[in-house]
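Here's the letter readout for the chains.
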Amino acid sequence: MNLTFLGTSAGSPTAERNVSSMVLDLRQERGKLWLFDCGETTQMQMQKAKFSLAKLEIIFLTHLHGDHVFGLPGVLTSRSLMQNQSPLTLIAPKGIKQLVETVIEISYSWLTYPLNIIELEENGIVFEDNQFQVEAKLLKHRVPCFGYRIIEKDLPAQLDIDKLKQANIQAGSYYSDLKKGKTVTLDDGRIIRGVDYQSKVKKGKKLAILGDTIPCQASIELANDVDLLVHEATQENALKDKALERGHSTTIHAATIAKQAKAKRLIMTHISPRYSLNDNKKLVNEAKSVFVNTEIATDFASFHV
Ligand SMILES: [Zn+2]
Ligand SMILES: [Zn+2]
């Protein structure tokens with residue numbers, strides 16, 4: 001899977017950074033896209049990055065501050081203009097239902113597809129199927145704000161059909177037993193062990209996408225042992241007091257959470273408009289003093305997980 005940032009600025013956009021939004025590209029895994037946060041202009045950013053609104057399956061919002069939400073009405077209604085009928089799920093803190101219903105009604109808009117809205121009020125599993133599980137936990141911000149832990153389930157071992165054919169073992173009643181790893185006796189007398197003809201279990205990936213927050217225990221739990229952690233880093237370390245006062249983190253905070261959680265990789269985003277792209281190096285170096293495997297997101301940067 002790939003994670004692509006569509007907006008990386010905190011609060012308001014700059015000439016270099018749009019406001020918060022990112023796409024988890026699961027087209028290879030399930031033919032779908034998941035969107036995390038939906039700041040203003042997200043639909044245009046999606047077009048530039050060649051992500052189709054029709055492929056959106058789930059939109060997760062971390063919280064209802066405008067810089068994470070104001071792009072939502074456009075995304076929802078443009079998806080209808082495409083005559084798209086595939087269902088869409090929206091998972092966000094309580095209040096999102098009222099926001100969406102009010103915007104649709106007042107603007108004389110309508111949706112051509114079923115929209116399933118799940119309002120979050122407490123910690124829990126918010127999505128699960130045979131491929132993925134997503135857990136949400138409340139972080140510490142000025143308003144209710146959630147972080148998400150996305151777990152790709154392990155792909156069970158498959159029968160290696162080519163290897164079976166090479167050994168001249170034909171498809172037949174043996175296959176179901178071999179698939180379970182059992183030992184079978186073939187008609188020709190050969191004794192075959194299923195475990196010798198199975199591919200390896202493919203380990204699933206784990207990532208954590210956290211919303212706006214000061215450092216907290218929930219962040220460490222969500223990011224425990226993940227392959228990739230997305231954490232806000234609104235300010236540099238020198239502005240620590242300002243960051244905390246406004247419910248935000250610094251570069252050092254983000255790096256410390258990554259270290260405490262034993263994450264493998266940290267991507268910092270939600271960067272204050274006070275910083276230009278020229279400041280990236282300085283911000284990354286601050287974080288690296290605590291957690292070496294740190295990068296900073298820029299708009300349209302894509303990370304393979
Ligand atoms: Zn924000
Ligand atoms: Zn916020």
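Remember, it's a predicted structure, so these values are computed and weren't measured experimentally.

(A) Molecular detail of the coordination of the zinc ion (ligand 1). Asp67 (OD), His68 (NE2), Asp212 (OD) and His270 (NE2) make up the full set of protein donors to the zinc ion (ligand 1), lying at 2.1 to 2.3 Å. With four donor atoms in place around the zinc ion (ligand 1) and angles of 90 to 172° between them, the coordination shape is irregular. Linear spacing of the donor residues for the zinc ion (ligand 1) on their chain is D-H-x143-D-x57-H. A spacing of 3.5 Å is found between the zinc ion (ligand 1) and the zinc ion (ligand 2), which share Asp212 as a donor. Both residues of the pair, Asp67 and His68, belong to the buried class.

(B) Structural context of the UniProt feature "binding site: Zn(2+) 2" (unreviewed entry) in the protein chain. Per the UniProt record, the feature "binding site: Zn(2+) 2" (unreviewed entry) sits at Asp67, His68, Asp212 and His270. Of the residues just listed, which span 204 residues, no C-alpha pair is farther apart than 10.7 Å, and they cluster in one region. Position of Asp67 among the secondary structure elements: in helix α3 (residues 66-69). Here Asp67 is in contact with Ala10, Gly11, Val19, Ser20, Gly39 and His270, once residues within four sequence places are set aside. As for its placement among the helices and strands, Asp212 is situated in the loop between β12 (206-209) and α8 (217-222). With a relative accessible area of 2%, Asp212 lands in the buried category. If sequence neighbours within four positions are ignored, Asp212 has contacts with His63, His68, Leu139, Lys140, His141, Cys145, Glu232, Gly247, His248 and His270. Of note is the side chain of Asp212, whose polar atom sits 3.1 Å from the side chain of His68.

(C) Layout of the coordination of the zinc ion (ligand 2). For the zinc ion (ligand 2), the full set of protein donor atoms is His63 (NE2), His65 (ND1), His141 (NE2) and Asp212 (OD), and the range of their distances to it is 2.2 to 2.4 Å. Geometry at the zinc ion (ligand 2) is irregular, judged from the four donor atoms that bind it and their angles of 87 to 171° at the metal. Expressed as a motif, the donor residue spacing for the zinc ion (ligand 2) is H-x1-H-x75-H-x70-D.

(D) Quick peek at helix α10 (residues 251-261). Taken residue by residue, α10 has Thr251, His253, Ala254, Ala255, Ile257, Ala258 and Ala261 as its buried positions. Turning to α10, the residues buried within the fold contact α8, β13 (228-232), α9 (240-245), β14 (266-269) and α11 (280-288). Directly beyond the C-terminal end of α10, a positive phi value near 60° is found at Lys262.

(E) The domain arrangement of the protein chain, seen in detail. Segmentation of the protein chain into domains returns domain 1 (2-156 + 201-304) and domain 2 (161-197). A C-alpha centroid distance of 46 Å is found between domain 1 and domain 2.

(F) The side chain of Thr213, seen in detail. When you line up the elements, Thr213 lands in the loop between β12 and α8. Residues contacting Thr213, with those up to four places away along its chain left out, are Leu139, Lys140, His141, Ser219, His231, Glu232, Gly247, His248 and Ser249.

(G) Geometry of a positive patch on the surface. A cluster of like positive charges, contributed by Arg142, Lys242, Arg246 and Arg274, occupies part of the molecular surface. With respect to the secondary-structure elements, Arg246 resides in the loop between α9 and α10. Residue Arg246 is classed as partly exposed on the basis of its relative accessible area of 43%.

(H) Fine view of the state of the cysteines. The tally for this structure, following the rule as stated, stands at zero disulfides. Here Cys38 is not disulfide-linked; the sulfur of Cys145 is the nearest cysteine sulfur, at 15 Å. In this structure Cys38 comes out as buried when scored by relative accessible area, which is 0%. Here Cys216 stays free of any disulfide, with the sulfur of Cys145 as its closest cysteine sulfur at 9.1 Å.

(I) Examining the environment of Lys281 more closely. With respect to the element layout, Lys281 can be found in helix α11. For Lys281, a relative accessible area of 64% translates into the label exposed. Remark: the alpha-carbon pair of Lys281 and Glu121, spanning 160 residues in sequence, is separated by 38 Å.

The rules we used
Residue positions are given per chain, counting from 1 as you read along its sequence in written order. Labels are handed out in written order, letters beginning with A for the chains and numbers beginning with 1 for the ligands. In keeping with the model being predicted, local features are shown solely for residues with a pLDDT of at least 70 and side-chain atom pairs are shown and tallied solely at 80 or more, while totals for entire chains, interfaces and linings include all residues. By convention in this description, side-chain values take in all heavy atoms of the structure and omit both hydrogens and water. Counted as donors are N, O and S atoms no farther than 2.8 Å from the metal, or 3.2 Å for Na, K and Ca; water is not among the atoms, and sites may therefore look incomplete. Note on geometry labels: four donors, all angles 85 to 135 degrees, give tetrahedral; four donors become square planar and six octahedral when opposite donors are over 155 degrees apart and every other angle is between 65 and 115; remaining cases are irregular. Classification of residues uses two cut-offs on accessible area relative to the type maximum, computed with a 1.4 Å probe and protein chains only: under 20% is buried, over 50% is exposed, and between them is partly exposed. UniProt positions are given in the numbering used here, feature names are shortened, and annotations may be inferred rather than shown by experiment. The helix count covers DSSP runs of H or I at least four residues long, the strand count covers runs of E at least two residues long, and both are numbered beginning at the N terminus. When checking whether two residues touch, look at their non-hydrogen atoms; a contact exists if any pair is within 4.5 Å. Here a polar contact means two N or O atoms within 3.5 Å. Within protein one must be a hydrogen donor candidate and the other an acceptor candidate, and residues neighboring in sequence count only if both atoms are side-chain atoms. What marks off one domain from the next here is an automatic or database domain assignment. Patches were defined on residues exceeding 30% relative accessible area and lacking a salt bridge, with like-charge contacts within 9 Å and nonpolar side-chain contacts (Val, Leu, Ile, Met, Phe, Trp, Tyr) within 5 Å. Accessible surface is estimated by sampling points in the Shrake-Rupley manner with a 1.4 Å probe; for residues, cover comes only from the protein chains shown. Salt-bridge detection follows one rule: a side-chain nitrogen of Lys or Arg within 4 Å of a carboxyl oxygen of Asp or Glu. Charge convention: Lys and Arg are scored as positive, Asp and Glu as negative, and His as well as the terminal groups of each chain are ignored. In plain terms, the charge of a residue is placed at NZ if it is Lys, CZ if Arg, CG if Asp and CD if Glu. Here, the term disulfide refers to a pair of cysteine sulfur atoms separated by no more than 2.5 Å.

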